[in-house]
Amino acid sequence: MKLTYDIKDKPKFGQLLIFAFQQLLAILAATIAVPSIVGNGMSQSAALFGAGVGTIVYLLFTKFRSPVFLGSSFAFLGSMFAAFAGAASAEAGFAGILIGAIFAGLVYVVIAIIVKFAGVKWIDKIMPAVVIGPTVAIIGLSLAGNAIGDFTGTSLMGADGVAVVNPYASVCVGLVTLLVVIICSVFGKKMAKLIPFIIGILAGYVVAVIFSLIGLKTGNTTLQFIDFSVFNDIKFFAIPDFTFIKAAQGLSAVDGKYIATIAVAYAPVAFVVFAEHIADHKNLSSVINKDLLDDPGLHRTLLGDGVGSMFGALFGGCPNTTYGESVGCVAITGNASIVTILTTAIMAMVISFFGPFVTFLSTIPNAVMGGVCVTLYGFIAVSGLKMIQKVDLDQNKNLFVVAVILIAGIGGFTLNFGQITVTEVACALILGIFVNIIVSKKKDEPVQESAE
């Protein structure tokens, strides 16, 4: 695709801050969602700081050539639950998630060393376009339910199974956000075209505020998208609850048996996420028109991801991973500037100390982010489908490979081994590789021309 800002381009300082803030908004919801889901006293602001640290480490290892932000990984949710469940105390649980992140990072380091000496040609052989294309599409399609759930308000369900927010109002807020993003991206001039997400989120937020005020006036809680009470007694400056501080207090309660449990919970997941790492970087490569597996090299992206996860977890507790939302933001805006990603990382770290900013960002309604994510996840899916444009689908051997990947991924094919969950993306990719190996031995069939 045509980029407005290439990797080495440097936007003007004022524009740079705006572009970075847009990237931050794109990755924010998922990054702070992981600590919220895990609970046990995990800090959203610490996770945001850790994501910034992890991204900077990643950029350093990739020699500032791969424009993507690293955020909290959902793949390790089960592992983190296991760490807290098996801990003697909450502090020991924090020590456990930190030790687990180190195990996961070391798996990446080992794979990176192997790739360094074995090269990447074997990857191109077992993961050609017919395999990697539909797999990338699945990354976006597998998240479609999350986007629509936020868009319609069904992701927020009460204990009685009734939606917490009015579904019609939620759709209205999400639709305003979505349409403003589309209009700015398609019809916008200059800056509007480069910051469609900021404009869209602000537009959706304004509509959400209006609904919330109506809800307060009428006593209708389902219209109150924003809880204004959270803005009371906000501390302007507060140091996040960094994981390493709590972990240090629980190290004495960590024994060999618990460490072994953590290793089993974390290390296998890292092997699963490795498949998604390749798919993400193949997708990003198609966006920036440069093969990242060759330059800076898969071994560097793996090292950046693995070591970045270690450092990110040191502060935020969550292992990090490259974010599809970030790739989608790069694709839609055409801004692949590494300086933008670096500024986003620094901004995430700085903002995590300031209560008003963290509070404002956390009050952005799900419906607003749902409207944004419809476009982000959609672009990921479409970019994957674009990879198979040159694949001859008249050949049954290619058709079957694409078919099994799409159906396995969209159908939600997952495998569970205790605390380890092989995600639908990983399962679809593994199944696709297996089928491709079997059918690739078949020579191309001659294409029959239809009789006129």
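Conventions and cut-offs
- Each chain carries its own residue numbering, running from 1 in the direction its sequence is written.
- In view of the model being predicted, local features appear only for residues whose pLDDT reaches at least 70, and side-chain atom pairs are presented and counted only at 80 or more, with totals across whole chains, interfaces and linings using the full set of residues.
- Each side-chain value is derived from all of the structure's non-hydrogen atoms; neither hydrogens nor water enter the calculation.
- Only the stretch in contact is used when fitting a helix axis, every axis being a line fitted to C-alpha atoms; angles between N-to-C directions are given from 0 to 180 degrees.
- Numbering of helices and strands runs from the N terminus; a helix is a DSSP stretch of H or I covering at least four residues, while a strand is a stretch of E covering at least two.
- Angles are sorted into four bins: roughly parallel if under 35 degrees, roughly antiparallel if over 145, roughly perpendicular if 65 to 115, and oblique for all others.
- Crossings are sorted by hand: turned counterclockwise from the far helix by less than a right angle, the near helix makes the crossing left-handed, and turned clockwise it makes it right-handed.
- Whether two residues touch is decided by their heavy atoms; if any such pair falls within 4.5 Å, the residues are in contact.
- For this scheme, ten residues count as nonpolar: Ala, Val, Leu, Ile, Met, Phe, Trp, Tyr, Cys and Pro. Four count as charged, namely Asp, Glu, Lys and Arg, and the remainder, Gly too, count as polar.
- Salt bridge, as used here: a side-chain nitrogen of Lys or Arg that lies within 4 Å of a carboxyl oxygen of Asp or Glu.
- We call a residue buried when its accessible area falls under 20% of the maximum for its residue type, exposed when it is over 50%, and partly exposed in between, using a 1.4 Å probe and counting protein chains only.
- One less than the residue count of a helix, multiplied by 1.5 Å, gives the span that helix is expected to have.
- In this scheme, the bend at a residue equals the angle between the axes fitted to the seven residues that finish there and the seven that begin there.
- Candidates for patches are residues over 30% relative accessible area with no salt bridge; among them, like charges are joined within 9 Å and nonpolar side chains (Val, Leu, Ile, Met, Phe, Trp, Tyr) within 5 Å.
- For the accessible areas, the method is Shrake-Rupley and the probe is 1.4 Å, while residue cover comes only from the protein chains on display.

Overview of the packing of helix 8 (residues 167-187) against helix 10 (residues 196-218)
Piece 1. The interhelical angle for the contact between helix 8 and helix 10, taken along N-to-C directions, is 155°, at an axis separation of 8 Å. Overall, the two elements helix 8 and helix 10 adopt an arrangement that is roughly antiparallel. With respect to the hand of their crossing, helix 8 and helix 10 are arranged in right-handed fashion. Along the contact surface, helix 8 presents A169, C172, V173, V176, T177, V180, V181, C184 and S185, while helix 10 presents P196, F197, I199, G200, I201, A203, G204, V207, A208 and F211.
Piece 2. Residues that form the contact of helix 8 with helix 10 fall into these classes: 15 nonpolar, 4 polar and no charged.

Remarks on unusual backbone geometry
Piece 1. Here D295 and P296 are connected by a cis peptide whose omega angle stands at 15°.
Piece 2. Relative to the helices and strands, P296 resides in helix 13 (residues 293-316).
Piece 3. Of note, F64 is a non-glycine position whose phi angle comes to about 55°, a positive value.
Piece 4. Considering the arrangement of structural elements, one finds F64 in the loop between helix 2 (44-61) and strand 1 (70-72).

Here's the deal with the pattern of salt bridges
Piece 1. For the coordinates displayed, the defined rule picks out 2 salt bridges.
Piece 2. The partner of D295 in a salt bridge is K290, and the shortest N-O contact between them spans 3.5 Å.
Piece 3. Exposure remark for D295: the relative accessible area of 27% places this residue in the partly exposed category.
Piece 4. Residue classification places K290 among the partly exposed residues on the basis of a relative accessible area of 28%.

Remarks on helix 1 (residues 13-38)
Piece 1. Along its 26 residues, helix 1 runs 37 Å from first to last C-alpha, staying within 8% of the 38 Å computed at 1.5 Å per residue.
Piece 2. In helix 1, a bend of some 45° at I27 exceeds every other bend along the element.
Piece 3. In the stretch just after helix 1, G39 is the one whose phi turns positive, near 70°.

Thoughts on a nonpolar patch on the surface
Piece 1. On the surface, a nonpolar cluster with roughly 570 Å² of combined accessible area is contributed by L175, L179, I182, I183, V186 and F187.
Piece 2. For I183, the position within the fold is in helix 8.

Description of the packing of helix 4 (residues 90-118) against helix 13
Each pair of packed helices gets described by two things: the angle between the helix axes and the distance between those axes.
Piece 1. The geometry of helix 4 relative to helix 13 is characterised by a closest axis approach of 8 Å and an angle of 170° between their N-to-C directions. Taken together, helix 4 and helix 13 sit at an angle that is classed as roughly antiparallel. Contact with helix 4, carried on its side by L98, A101, I102, G105, L106, Y108, V109, I111, A112, V115 and K116, involves L298, H299, L302, L303, D305, G306, V307, S309, M310, A313 and L314 of helix 13 and no other residues of that element.

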